[in-house]
Amino acid sequence: MNTSPNAFEFTELIVCDAQAIRERVRAAGVVGAGGAGFPAHVKLQAQVEIFLVNAAECEPMLKVDQQLMAQQAARLVRGVQYSMKATGAREGIIALKEKYRPAIAALTSLLPSAIRLHILPDVYPAGDEVLTIWMATGRRVPPAALPVSVGVVVNNVQTVLNIARAVEQQFPVTRRTLTVNGAVAHPQTLTVPIGMSLREVLSLAGGATIDSPGFINGGPMMGHLLTTLDTPVTKTTGGLLVLPEKHPLIQRRRKDERTLLSVAKTVCEQCRLCTDLCPRHLIGHELSPHLLVRAVNYQQAATPQLLLSALTCSECNVCESVACPVGISPMRINRMLKRELRAQNLRYEGPLNPADEMAKYRLVPVKRLIAKLGLSDWYHEAPLSETEHLTDNVTLLLRQHIGANTLPQVQKGDRVVRGQCVADVPAGALGAPIHASIDGIVSDVTELAITVVRG
Ligand code: SF4
Ligand code: SF4
């Protein structure tokens, strides 16, 4: 494993067989950077027909993938080629939006015949992988099934760039590019060491410009409310959004579950708008949020099959933020149901119905979404900064992926160098190793994290 941040940059494909590609990707700790954190080497074990890069980036305030594609187009194409080799895919597709013109210009002249661009409409949630697959290939993933069931493996842009770096430089994932947007002095997209606190990230963007800010970790639709800025950046952190504390996007997230359920019981008028606009329902999944709200309100309306369909909700948040006229959150109700159903180890099995004929026209134009969310005053372009920022201490969470927790491989007082493996999953378990993102001394090891201080 290469521990030098200044490792030689490759400009041509290197010769590497499928197994070596997967091994290098695992050793580098590459996980899905789009939020889910699924270990990339496991995805690359599937044998499929199509490898798809989900480059939709449809959360309106995030500007990472669209700029990285323009800046690192050649590396992205090589990352797709390595991924195609590992998965046996004959076709590679990079699905992106027409408005990402610099990226389209940079990629077009580099594409070999087996890789094509697919231009997506500027709608939300074009980046829900089930929707991206449908738009880019015409294939529909059945509810609760994986993309591999229709012959496709999907990864996002930053993941594919990390795959290329892992294969070519054998350099692990130690940095993350994310957007800081909203009420900040210098909205921007920047690259920082994994483990840097979001407080430090905010200060790199000049700090908040309002007196009582609230913070969202991620985008306005799917991001989570931050309770502390001491939260460290992980391999899946997409952005930091700063909004006034009184902004509806902050206030909605502050509602506790009891209030949420009581609002749903009091005011749901069963208008079914949430279902008519639910993207998963539109492409033929059984999921019907209005029926789930009714089932939670009136238990006599609940059947086991209906409740289990909550497991197929993508949490895209269209039902809450766009559809419901009376402020109910079917998405959060689904999230609560999921928690209970998963605790009981239950699974959903159900039909793939025909897609709604109006499906393409019922997805939400992003411009309208920005206005609807009350973000017009806080929306900025957030240009990509070329500087790679440094820090003096990092907190490396032991769990940054789906699967088993990693186990520390270092002790307090150990000296580590950037790129060194400091935690790994037990042999055979699903997961990916964690690496030091700065040179320094391990100052603390807990059940949750390893802290490294430069020195
Ligand atoms: S949109 Fe709101 S009011 Fe209408 S059915 Fe759904 S939850 Fe109920
Ligand atoms: S969050 Fe709402 S709109 Fe999105 S998939 Fe779930 S139920 Fe459907």
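Once a new chain begins, its residue numbering starts again from 1 and follows that chain's sequence as written. Written order decides the labels, with chains lettered from A and ligands numbered from 1. At least 70 in pLDDT is required for a residue's local features to be given in this predicted model, at least 80 for side-chain atom pairs to be given and counted, and no such filter applies to totals for whole chains, interfaces and linings, which use all residues. Side-chain measures here rest on the full set of heavy atoms in the structure, leaving out hydrogens and waters.

This part covers the site of ligand 2. Consider each residue's heavy atoms; a residue with any of them within 4 Å of a molecule or strand counts as near. For ligand 2, the set of nearby residues contains 14 residues, the closest of which are Cys278, Cys313, Cys316, Asn317 and Cys319. Its residues placed into classes, the shell around ligand 2 shows 9 nonpolar, 3 polar and 2 charged. Under the scheme applied here, ten amino acids are nonpolar (Ala, Val, Leu, Ile, Met, Phe, Trp, Tyr, Cys and Pro), four are charged (Asp, Glu, Lys and Arg), and all others, including Gly, are polar.

Along the chain, Asp276 falls in helix 11 (residues 273-276). Only protein chains enter the accessibility calculation, which uses a 1.4 Å probe; a residue is then buried when its area is under 20% of its type maximum, exposed when over 50%, and partly exposed in between. On the basis of relative accessible area, Asp276 is assigned to the partly exposed category, the value being 24%. For Asp276, the contacting residues outside a window of four places in its chain are Leu282 and Arg362. Each helix is a run of DSSP H or I of at least 4 residues and each strand a run of E of at least 2, with the numbering of both proceeding from the N terminus. Contact definition: two residues touch when any of their heavy atoms are within 4.5 Å.

Turning next to the side chain of Asn181. Assignment of secondary structure puts Asn181 in strand 6 (residues 175-182). Residues within four places of Asn181 in sequence aside, it is in contact with Met61, Pro187, Leu240, Leu241, Val242, Trp378, Tyr379, His380 and Ala382.

Right, let's get into the pairing of strand 5 (residues 152-156). The buried fraction of strand 5 is high, at 5 of 5 residues. Judged by which residues are buried, strand 5 turns out to be covered on both faces: Val152, Val154 and Asn156 on one side and Val153 and Asn155 on the other are all buried. By the convention used here, strands pair only if DSSP detects at least 2 bridges between them. As defined by bridge partners, strand 1 (residues 50-55) adjoins strand 5 across 5 bridges and the pair is classed as parallel. Note that in strand 5 the partner of Val53 across the bridge is Asn155.

Of note, Val157 is situated in helix 7 (residues 157-169). Using a relative accessible area of 0% as the deciding quantity, one classes Val157 as buried.

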